[in-house]
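Each chain, written out:
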Amino acid sequence: MADHPTRTEFQRDGLSLVGDLWRAARPRGTVVLLHGGGQTRHSWHRTGQRLGAAGWTVLSMDARGHGESGWAPDRDYSMEALVADLRAVLASLDHRPVLVGASMGGSTALVAQGTDPELALGLVLVDIVPRIEPAGVARIAAFMSARPDGFASLDEVAEAIRAYNPHRRRPPTEQGLRKNVRQGADGRWYWHWDPAFLLRGDEPARSERRERMAAAAQAIRVPTLLVRGKQSDVVSDEGVAELRSLIPHAQLADVREAGHMVAGDDNDVFTEKLVDFLLSVAPGGAGDAG
């Protein structure tokens with residue numbers, strides 16, 4: 001299994017969906033990683049490497065409008081569109097995977113699994129529950145919308161990230177930053193996602209989203225793990241309690257030194273907890289990606 005993944009591409013209704021694939025020679029099973037809003041598949045790079053080294057075939061996807069995946073011509077970044085994309089990707093796999101989703105990716109995985117119980121073998125929600133805290137969501141929205149004019153340098157990008165997430169160590173090189181931004185024709189650096197992604201609905205629309213997630217959660221029957229950043233301002237104790245009432249068999253794993261960006265804040269602890277869960281769900285021979 002190579003340290004570096006193979007770039008792979010899927011098509012749905014003319015839209016290109018790009019992913020990274022770590023292919024294990026004799027896989028324990030298949031894991032699909034779904035990033036959060038405003039992120040790219042590269043946010044999972046260390047997790048993908050470590051899971052691959054531990055014997056899983058891993059597919060990490062750029063969501064529509066993010067990273068190298070296509071921007072929706074109709075600006076459709078709804079839950080329906082994200083779920084349909086996920087189902088199209090999973091239809092190309094030879095075996096049912098374990099779905100691991102952070103924030104937006106977790107919401108997508110939860111709704112997809114809740115409406116199709118045969119979709120996956122297991123579900124991992126990374127700092128996302130149906131009941132999320134408005135203050136934490138507002139802070140994320142403010143960060144994502146703060147610089148529509150872009151950044152003059154990668155140093156400015158790094159400083160913006162540091163201001164949002166002050167306990168995260170600054171990357172030692174610019175290479176990691178380059179994967180999360182794109183350089184425009186004007187020479188400035190912009191986040192690597194479609195600005196139309198920020199065209200969100202009003203409060204009734206958010207309430208409907210919560211209700212849909214809660215309904216999906218009640219239908220979950222596969223093994224489920226919630227990994228929460230203990231310092232998260234998005235997932236509260238009340239949100240955790242509600243999820244566990246909706247999915248009584250769900251396990252909880254707290255990552256003490258992490259906020260909402262769990263996998264990036266403390267990847268060692270996050271991956272350790274994820275591997276323990278995967279071993280309980282797919283201990284061996286569960287297949288490979290197609």
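My aim in this report is to walk through the structure given alongside it, one point at a time. Worth saying up front: this structure is predicted, and the values here are computed from it rather than measured. (Residues numbered from 1 in each chain as written. Predicted model: local features only at pLDDT ≥ 70, side-chain atom pairs only at ≥ 80, totals over all residues. Heavy atoms only, no water.)

**Topic: helix 1 (residues 45-53)**
Working step 1: Along helix 1, the residues that are buried comprise His45, Thr47, Gly48, Leu51 and Gly52. One side of helix 1 carries all its buried residues, which in axial view fall inside an arc of 160°. (Buried < 20%, exposed > 50% of the residue type's maximum accessible area, 1.4 Å probe, protein only. Helix = DSSP H or I, 4+ residues; strand = E, 2+ residues; numbered from the N terminus. Arc of directions from axis to C-beta.)

**Here we look at the sheet that holds strand 2 (residues 15-22)**
Working step 1: Taken in spatial order, the eight strands of this open sheet run 1-2-4-3-5-6-9-10, and their pairing is mixed. On the outer flanks of this sheet lie strand 1 (6-12) and strand 10 (251-255), each paired with one strand and no other. Ignoring strand direction, the axes of neighbouring strands in this sheet form an average angle of 20°.
Working step 2: Note that strand 9 (residues 224-229) and strand 10 share five bridges and pair parallel. Paired with Leu225 across the bridge in strand 10 is Gln251.
Working step 3: Where helix 2 (residues 79-91) meets the sheet, it contacts strand 1, strand 2, strand 3 (30-34), strand 4 (57-61) and strand 5 (98-102), and its direction lies at approximately 120° from that of strand 1.
Working step 4: In the packing of helix 3 (residues 104-115) onto the sheet, the strands contacted are strand 3, strand 5 and strand 6 (122-126), and the crossing angle to strand 5 comes to about 140°. (Pairing = 2+ DSSP bridges. Axes fitted to C-alpha atoms, helices over the stretch in contact; angles between N-to-C directions. Contact = heavy atoms within 4.5 Å.)

**Topic: empty space enclosed by the protein**
Working step 1: Evaluated as defined, the whole model comprises one cavity of 30 Å³ or more.
Working step 2: The volume enclosed by the largest cavity comes to roughly 170 Å³.
Working step 3: In terms of lining, the largest cavity is formed by 14 residues, of which the most central are Leu34, Met61, Ala63, Leu82 and Asp85.
Working step 4: Put simply, the parts of the chain that give the lining of the largest cavity at least two residues each are helix 2 and helix 3.
Working step 5: Sort the elements by how many residues they give to the lining of the largest cavity and helix 2 lands first, with four residues. (1 Å grid on protein atoms, 1.4 Å probe; cavity = no way out; pocket = protein on both sides within 12 Å on 5 of 7 lines; lining within 4 Å. Points joined across faces, edges and corners; volume = space filled by probe spheres on them.)

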